[in-house]
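Inside the fold
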Amino acid sequence: MEKQEKVILTGDRPTGRLHIGHYVGSLRRRVELQNSGEYDKIFIMIADAQALTDNFEHPEKVRQNILEVALDYLSVGLDPAKSTLFVQSQVPELTELTFYYMNLVTVARVQRNPTVKSEIQMRNFEASIPVGFFCYPISQASDITAFRATVVPVGEDQEPMLEQCREIVHKFNSVYGETLTMPEIMLPSNKAAMRLPGTDGKAKMSKSLGNCIYLADDPQTVKQKVMNMYTDPLHLKVSDPGHIEGNTVFTYLDAFCRPEHFERFWTEYKNLDEVKEHYQRGGLGDVKVKKFLLNVLEEELSPIRERRHYYEKHLDEVYDILKKGSEVARARAAETLEDVRHAMRIDYFANDDMLKETEARYSE
Ligand code: TRP
């Protein structure tokens, strides 16, 4: 048997600029996977059609964020020579596939999807759920399978989506014959990468709470946000013992800090554990820890910012990358759709089999 291609598909909804929570939770990993050279193909999708399922009244918001998200992708180091960056709505095969998959899923099954459940609550959709929104897990299965993805790197919150996708693949293949590729989820590799809290200590970074550090923030803004960051409200005097749990500065350090940062920025300590010990014992002030965090963050953010500056001045390149990427993506999805139509026996005009079969019936 021929060796299976290793293919990645993942993406984001374009509803705002990406922040360092996205970076830690997914973008950083994508760049590593891209540069590992282990994958035959990588598709990174700007999920505008999915964003419209709960923003249909605000197409401008989605439109405005297409190139913004692409800028963020390129600035973190996603490389169009290695990864195909594309826009979901420009691949109409995905909607066709969704329509066929709808036959394979029950309403009750979508209702049980925990992600859908909590999103319905969040959006106060309980009384009346738009059908488009309700079906987005099915559409997400189309995204994944149209590209014959073998690996889908996503956050924990997407686990139920992948599970539902796998069920659809299983169902399709058992009804119509082996056609679709079964995808595997790839979760973030460590706890720190799971979810970065907001700078105010709230569980999640969110634009509406104003507690995000954006990849596009300038050094002044990042400094201000770090210096105002939530720490330990009981740590009033430097000499007070401090708490690490729920202390945003330490959560960020867990996510970003590496041993070599100490040689460069803080030779008094060898590693983060030593800093934590001192902080808990008392005698280590927040400002010192924050300054260190700022150095660590800036080391990661400044190359990202530089690449962003370049692309901000070459937006036409960004535009072309997405346009070409969308063409490449479409060609790939079209191949899958051919297989799907064939498996479903609706490839009427691909050859004259249907004509022959009908003629045979009439000549009996
Ligand atoms: N649902 C994902 C999110 O909210 C975005 C997305 C759409 C996606 N289609 C996908 C992720 C396919 C992985 C695979 O961020």
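Above this text you will find the structure in question.
Computed from a predicted model, the values in this text were never measured in an experiment.

What counts and what doesn't
Here, residues in each chain are numbered from 1, in the same order as that chain's written sequence. pLDDT decides what is reported in this predicted model: residues at 70 or higher carry local features, side-chain atom pairs at 80 or more are listed and counted, and totals for whole chains, interfaces and linings draw on all residues regardless. Only hydrogens and water are set aside; all other atoms, that is, all heavy atoms of the structure, feed into the side-chain values. A run of H or I in DSSP becomes a helix once it reaches four residues, and a run of E becomes a strand once it reaches two; helices and strands are each numbered from the N terminus. Accessibility here uses a 1.4 Å probe with only protein chains present; expressed as a share of the type maximum, an area under 20% marks a residue as buried, one over 50% as exposed, and anything in between as partly exposed. Neighbouring residues are identified by heavy atoms, a residue being near a molecule or strand if any of them is within 4 Å of it. By the criterion applied in these results, polar contacts are pairs of N or O atoms within 3.5 Å in which, for protein atoms, one can donate a hydrogen and the other can accept it, and in which residues neighboring in sequence qualify only through two side-chain atoms. Working definition of accessibility: Shrake-Rupley area with a 1.4 Å probe, residue cover restricted to the visible protein chains. Cavities and pockets are found on a 1 Å grid laid over the protein atoms alone: a cavity is a set of points where a 1.4 Å probe fits but cannot escape, a pocket is an open set with protein on both sides within 12 Å along at least five of seven lines, and a lining residue has an atom within 4 Å of such a point. In this scheme, a molecule is assigned to a cavity or pocket if more than half of its atoms are within 2 Å of the grid points. By the convention adopted, Pro, Cys, Tyr, Trp, Phe, Met, Ile, Leu, Val and Ala count as nonpolar, Lys, Arg, Asp and Glu as charged, and the other residues, Gly among them, as polar. Every residue pair with non-hydrogen atoms within 4.5 Å of one another is taken to be in contact.

Digging into the environment of Gly 177
Within the secondary structure, Gly 177 sits in the loop between helix 9 (159-176) and strand 5 (184-186). According to the relative accessible area criterion, Gly 177 is partly exposed, its value standing at 27%. Placed 163 residues apart in sequence, Gly 177 and Val 340 show a C-alpha to C-alpha distance of 9.8 Å.

A few points about the site of the ligand
Neighbouring the ligand are 13 residues, the closest being Met 45, Gln 50, Gln 140, Asp 143 and Gln 158. At 2.7 Å from a nitrogen atom of the ligand is found a side-chain nitrogen or oxygen belonging to Gln 50. Note that a nitrogen atom of the ligand is positioned 2.8 Å from one of the side-chain N or O atoms of Asp 143. Taken by itself the ligand offers 370 Å² of open surface, and the protein chains cover 89% of this. Here the ligand is seated within the largest pocket. Mapped onto the shell around the ligand, the elements with two or more residues apiece are strand 1 (7-12) and helix 8 (136-146). Tallied by class, the residues present in the shell around the ligand amount to 6 nonpolar, 5 polar and 2 charged.

Quick word on the environment of Pro 153
With respect to the helices and strands, Pro 153 occurs in strand 4 (residues 151-153). Residue class for Pro 153 comes out buried when judged on its relative accessible area of 6%. For the pair Pro 153 and Arg 332, spaced 179 residues apart in sequence, the C-alpha separation works out to 20 Å. Apart from the residues lying within four places of it in its own chain, the contact partners of Pro 153 are Ile 8, Leu 9, Thr 10, Leu 33 and Met 186.

Some thoughts on the side chain of Thr 336
Secondary-structure assignment places Thr 336 in helix 15 (residues 315-343). A polar contact of 2.5 Å, which involves the side chain of Thr 336, links it to the side chain of Arg 148. In this view, Thr 336 contacts Thr 145, Ala 146 and Arg 148; residues no more than four positions away in its chain are not counted.

Worth remembering: the numbers are spatial, not functional.
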